[in-house]
Protein chains: 2
Amino acid sequence: MKYPKGVNLNISNIKTDKISYSNRGMELEKEINISNEYYRNNNIAFIYKKPTPIKVVDVDYPSRKEAIIKKAYFEKPSTTDYNGIYKGKYIDFEAKETLNTTSFPLANIHKHQIEHIRNIINQAGICFLIVRFVRCNITYLLKGEDFIDFVDHNKRKSIPINFFKEKAYVIKDEYLPRINYIKIIDEVYGGALNAK
Amino acid sequence: MKYPKGVNLNISNIKTDKISYSNRGMELEKEINISNEYYRNNNIAFIYKKPTPIKVVDVDYPSRKEAIIKKAYFEKPSTTDYNGIYKGKYIDFEAKETLNTTSFPLANIHKHQIEHIRNIINQAGICFLIVRFVRCNITYLLKGEDFIDFVDHNKRKSIPINFFKEKAYVIKDEYLPRINYIKIIDEVYGGALNAK
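Residues numbered from 1 in each chain as written. Chains lettered and ligands numbered in written order. Predicted model: local features only at pLDDT ≥ 70, side-chain atom pairs only at ≥ 80, totals over all residues. Heavy atoms only, no water.

Peer 1: So what's going on with the environment of Gln123 of chain A? Residues and values would help.
Peer 2: Structurally, the position occupied by Gln123 of chain A is in the loop between α2 (111–122) and β7 (126–133). Overall, Gln123 of chain A belongs to the buried group, its relative accessible area being 2%. The spacing of Gln123 of chain A and Tyr90 of chain A is 33 residues in sequence and 9.5 Å in space, taken between C-alpha atoms. Those residues in contact with Gln123 of chain A that lie beyond four places of it in its chain are Asn43, Ile44, Ala45, Phe46, Ile85, Tyr86, Lys87 and Gly88 of chain B. (Helix = DSSP H or I, 4+ residues; strand = E, 2+ residues; numbered from the N terminus. Buried < 20%, exposed > 50% of the residue type's maximum accessible area, 1.4 Å probe, protein only. Contact = heavy atoms within 4.5 Å.)

Right, here's the structure in full:
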C-alpha cells in the first residue's frame, strides 16, 4: 500500500466511466514489481522499487517497541523509482504511464530526475525509461541517452509518440515475466554486460 | 527527518549520562550521507540512502493537491540502506554502529538483508558493511564475502572484533569526504572496476 488510493491521480484526465480510479497508474508498476520478483526468484537480476520518500513530522510511542506515525507527507523522489543489479551492471529506471495518445508529457519526469539520469549515464550505468501509452496498449523502453538527447535539443514539453516509434524498443506483453525488460537490455546493451 | 528522535533506539544499551539519545545511531549515517553528497557533487559516484520503508494506513485529503498521512508504521527494510553506482559497477552496503567493544551483534543485520548481500555478491556486485565500534572510535569496511563466510561457518550471534581486525579495512577519518569508503573500494576491488 505505498500509494494509497487517490494519490497521484490526475483526475481531470480520466474517463470515469471507463477506468477505475484505484487502478490508474498502478498497473504498470504492479506488473514491473511482479516481473522483478520473478527475476529475483530465478537469480536473473536483483532490481527493487525504492520506497516512496515520506517526510515524518510526528510520531507516537504507545509502548517502548511500537512507533506510530501520526503526521507525515509524501515527498517528490529526487532519483528514479527502480534500481539494482544485472550481470554486475548497475540498472536504473523510471516507469510511467500516460493516458495521452500522441505524446509523453515531460512534466512526468522531474528536473532532479533528469539530472539523475544524466549522472547515471555518465557513470556508465544502464539507465532508461519504461513508458506505457495506456490507450494505445503499448509499452516502450526508451534509453536514457535518447531521452537526454531529446530534452537537450527540444523546447517541447512532451515527447511525441513518433519519437518512441523511431528510437524506443517495444516491450511486448509476456506471460512470465509480464514485462520482460531484461530481454530488451540484453538486446540493446548486450556488449556492455559482463559475463558472470 | 527520516528517523525521528527515539526510533530504533536500543535503550537498554545506552549510558544516558554520556550519549545523547537523539544522536545515537545517527552519527555514522549522517557522515556517510555527507560523504555521498561530496561524491555526487564531484561526479565521483552516485550512491544514495534508500528512503525508510513506511506502511501508510490512513491518508487525509484536505484539498485536491494535498495529502496528509494520518497513520503509518515504520517497516523493516528487506535490502540494505545504501546503493548506487561507481565507475559503472553496482555498489551496495549497510552501515551500522555498535556500542559493544568486543563484538558486532548479528541481530543488527536481518535475515533478509543477509540473503540480499549473498544475492548481490552472486551477481558480481560490490557489497559490504560499514561497521563503527563507537566506543573504540574505529570504523571498518567488511567485504560482503567475508561477512557471508563468517555467517555460514559460525554459530555465534556476534562477530568478534578480532575478525574485523583480521579481515576488514579501517576507514580513517578524513576531512572531505569524512567517510572516504570509495578509497577503500579502489584498494580492495580495484581489479573489478571498469575504467570509465
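Read on, since the account is not over.
Peer 1: Lay out the side chain of Asp146 of chain A with the relevant residues and their values.
Peer 2: Residue and element names in this part refer to chain A. Relative to the assigned elements, Asp146 resides in helix α3 (residues 144–153). Here Asp146 sits buried without a salt bridge, and the closest side chain of opposite charge, Lys167, lies 4.6 Å off (N-O distance). Setting aside chain neighbours within four positions, we find Asp146 in contact with Phe163 and Lys167. (Lys, Arg positive; Asp, Glu negative; His and termini not counted. Salt bridge = Lys/Arg side-chain N within 4 Å of Asp/Glu carboxyl O.)

Peer 1: Run through the interface of chain B and chain A, naming residues and quoting values.
Peer 2: The parts lose accessible area when they come together, and the size of an interface is often stated as this lost area. Contacts between chain B and chain A engage 44 residues on the former and 44 residues on the latter. Across the interface of chain B and chain A, roughly 3900 Å² is buried in total on both sides, 62% from carbon and sulfur atoms. Applying the counting rule to chain B against chain A returns 11 residue pairs in polar contact (both at pLDDT 80 or more). Among the secondary structure elements, those contributing two or more residues to the side of chain B that touches chain A are β1 (46–49), β2 (54–60), β3 (68–74), β4 (82–86), β5 (89–98) and α2 (111–122) of chain B. Per-element accounting of the side of chain B that touches chain A gives the leading share, 7 residues, to β3 of chain B. (Buried area = accessible area lost by both parts, 1.4 Å probe. Polar contact = N/O pair within 3.5 Å; in protein donor to acceptor, adjacent residues only side chain to side chain.)

Peer 1: Tell me what's going on with the pattern of salt bridges, and back it up with residues and numbers.
Peer 2: Close approach of charged atoms allows side chains with opposite charge to pair. Residue and element names in this part refer to chain B. For the coordinates displayed, the defined rule picks out 20 salt bridges over all chains. In this structure, Glu31 engages Arg178 in a salt bridge whose closest nitrogen and oxygen atoms are separated by 3.8 Å. On the criterion of sequence distance, the pair formed by Glu31 in helix α1 (residues 27–41) and Arg178 in the loop between β10 (169–170) and α5 (181–189) is long-range, its members being 147 residues apart. Glu31 sits in the buried class, given a relative accessible area of 8%. By relative accessible area, which is 33% here, Arg178 ends up partly exposed. Notably, a salt bridge pairs Arg118 with Glu115, separated by 3.5 Å at the nearest N-O pair.

Peer 1: Can you break down the sheet that holds β3 of chain B residue by residue, with the values?
Peer 2: Ordered in space as β2(A)-β3(A)-β3(B)-β2(B), the 4 strands form an open sheet in which the pairing is antiparallel. What marks the edges here is a single partner per strand, and that holds for β2 (54–60) of chain A together with β2 of chain B. Each adjacent strand pair in this sheet contributes to an overall mean axis angle of 35°, direction not counted. Relative to β3 of chain B, β2 of chain B runs antiparallel, the two sharing 6 bridges. What sits directly across from Val56 of chain B, in β3 of chain B, is Ala72 of chain B. (Pairing = 2+ DSSP bridges. Axes fitted to C-alpha atoms, helices over the stretch in contact; angles between N-to-C directions.)

Peer 1: Got a sec to walk through the relation of the copies chain B and chain A? Specific residues and values, please.
Peer 2: For the pair chain B and chain A, the best superposition has an RMSD of 0.0 Å and corresponds to a rotation of 180° with a translation of 0.0 Å parallel to the axis. Here the copies are linked by what is in effect a two-fold axis. Of the interface residues in chain B, 98% have counterparts in chain A that sit at the interface too, so the contact is made through matching surfaces. (Least-squares fit on C-alpha atoms with pLDDT ≥ 70 in both.)

Peer 1: Please give an account of the confidence of the model for chain A that cites residues and values.
Peer 2: Residues at a pLDDT of 70 or more form 86% of chain A, whose mean pLDDT is 87. For this predicted complex, the interface confidence reaches an ipTM of 0.83, while the overall pTM sits at 0.84. (pLDDT = per-residue confidence, 0-100.)

Peer 1: Please provide a residue-by-residue account of unusual backbone geometry, values included.
Peer 2: Note the cis peptide between Leu176 of chain A and Pro177 of chain A, where omega equals -5°. Of note in the backbone geometry, Ala124 of chain A takes a positive phi value of approximately 65° without being a glycine. We classify Ala124 of chain A as partly exposed; its relative accessible area is 33%. Of note, Asn43 of chain B is a non-glycine position whose phi angle comes to about 55°, a positive value. One can find Asn43 of chain B in the loop between α1 and β1. Classification of Asn43 of chain B by relative accessible area gives partly exposed; the value is 44%.

Peer 1: Tell me about the packing of aromatic side chains, and please be specific about residues and values.
Peer 2: Applying the stated criterion across every chain, the model contains 23 aromatic pairs over all chains. For the ring pair Phe133 of chain A and Tyr140 of chain A, a centre distance of 6.1 Å and an interplane angle of 85° mean the geometry is edge-to-face. One exposure class covers both Phe133 of chain A and Tyr140 of chain A, and it is buried. Ring centres 6.0 Å apart and planes at 50° place the aromatic pair Phe128 of chain B and Tyr181 of chain B in the tilted group. Highlighted residues: Phe128 of chain B in strand β7 (residues 126–133) and Tyr181 of chain B in helix α5, separated in sequence by 53 residues. Of the residues examined, Tyr181 of chain B reaches a relative accessible area of 0% and is grouped as buried. Through a chain of ring-to-ring contacts, three or more aromatic side chains come together here, namely Tyr38, Tyr39, Tyr82, Phe93, Phe128 and Tyr181 of chain A. Residue placement shows Lys143 of chain A over the ring face of Tyr189 of chain A; its charged tip is 5.3 Å from the ring centre. Here the basic side chain of Arg40 of chain B rests over the ring of Tyr48 of chain B, its NZ or CZ set 4.2 Å away from the ring centre. (Phe/Tyr/Trp six-rings, centres within 6.5 Å; stacked < 30°, edge-to-face > 60°. Lys NZ or Arg CZ within 6 Å of the ring centre and 35° of its normal.)

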